[in-house]
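Here is what each chain is made of, one letter per residue.
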Amino acid sequence: MFWPMLAIALGFLGLAVLGALAIRVFVEVRRLGRQVAEASQRINVAAGDLERSAESLARTGDALR
C-alpha cells in the first residue's frame, strides 16, 4: 500500500510543479508581448518622423532648383 500512495503523491507533486512552471511561462509571455507592442509603437513613431523629415527634405531640394 505504501508504493501506490508514494506514486500518487509524486505524481501530484509533479503536476503541481508543472502547473507552477506553466504559470511562470504565461506571465513571461505576457510581459514579452507588452515589450514587443511597445517596441512596435516606437518603430511606428520613428517611421513617421522619418517620413516627415524626408518630405521636408524633398521640399527643400525642390525649392533649390
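Bear in mind that the values here come from a model prediction, so they are computed numbers and not experimental data.

Novice: Would you explain the overall build of the protein chain in this entry?
Specialist: When helices and strands are tallied, the protein chain shows one helix and zero strands. A compact globule built from 65 residues should have a C-alpha radius of gyration of about 11 Å, whereas the protein chain, at 28 Å, is more than 25% larger. C-alpha atoms of the protein chain, sized along the principal axes, occupy 95 × 10 × 5 Å. The proportion of buried residues among the 65 residues of the protein chain is 2%. Approximately 6100 Å² of the protein chain is accessible, and the part contributed by carbon and sulfur atoms is 71%. Here the protein chain contributes 8 positive and 6 negative side-chain charges, whose respective centroids are spaced 9 Å apart.

Novice: For this particular structure, what's the right way to read the packing of aromatic side chains?
Specialist: Any pair of aromatic rings gets described here by the distance separating the centres and the angle formed by the planes. Enumeration over the complete set of coordinates arrives at one aromatic pair. Here the aromatic rings of Phe 2 and Trp 3 are separated by 5.2 Å at their centres, their planes lie at 70°, and the arrangement is edge-to-face. For the residue pair Phe 2 and Trp 3, the accessibility class agrees, reading exposed in each case.

Novice: How do you make sense of the pattern of salt bridges when you look at a structure like this?
Specialist: Side-chain pairs of opposite charge can arise where the charged atoms are in close proximity. All chains considered together, the criterion is met by three salt bridges. The closest approach of N and O atoms between Glu 28 and Arg 31, which form a salt bridge, is 2.5 Å. Placement of both Glu 28 and Arg 31 in helix 1 (residues 2–64) is noted, with a separation of three residues, approximately one turn of the helix. Across the salt bridge formed by Asp 49 and Arg 52, the nearest N and O atoms sit 2.2 Å from each other. Of this pair, Asp 49 and Arg 52 both sit in helix 1, three residues apart, which is roughly one turn of that helix.

Novice: How should I be thinking about a nonpolar patch on the surface in this particular structure?
Specialist: A cluster of nonpolar side chains, namely Phe 2, Trp 3, Leu 6, Leu 10, Phe 12 and Leu 13, defines an oily patch on the protein surface of about 720 Å² accessible area. Structurally, the position occupied by Leu 13 is in helix 1. Its relative accessible area of 49% is what places Leu 13 among the partly exposed residues.

Parameters at a glance
Residues numbered from 1 in each chain as written. Predicted model: local features only at pLDDT ≥ 70, side-chain atom pairs only at ≥ 80, totals over all residues. Heavy atoms only, no water. Helix = DSSP H or I, 4+ residues; strand = E, 2+ residues; numbered from the N terminus. Rg over C-alpha atoms; globule rule 2.2 N^0.38 Å. Buried < 20%, exposed > 50% of the residue type's maximum accessible area, 1.4 Å probe, protein only. Areas by Shrake-Rupley, 256 points an atom, 1.4 Å probe, with all protein chains shown as cover. Lys, Arg positive; Asp, Glu negative; His and termini not counted. Charge placed at Lys NZ, Arg CZ, Asp CG, Glu CD. Phe/Tyr/Trp six-rings, centres within 6.5 Å; stacked < 30°, edge-to-face > 60°. Salt bridge = Lys/Arg side-chain N within 4 Å of Asp/Glu carboxyl O. Patch = residues over 30% accessible without salt bridge, like charges linked within 9 Å, V, L, I, M, F, W, Y side chains within 5 Å.

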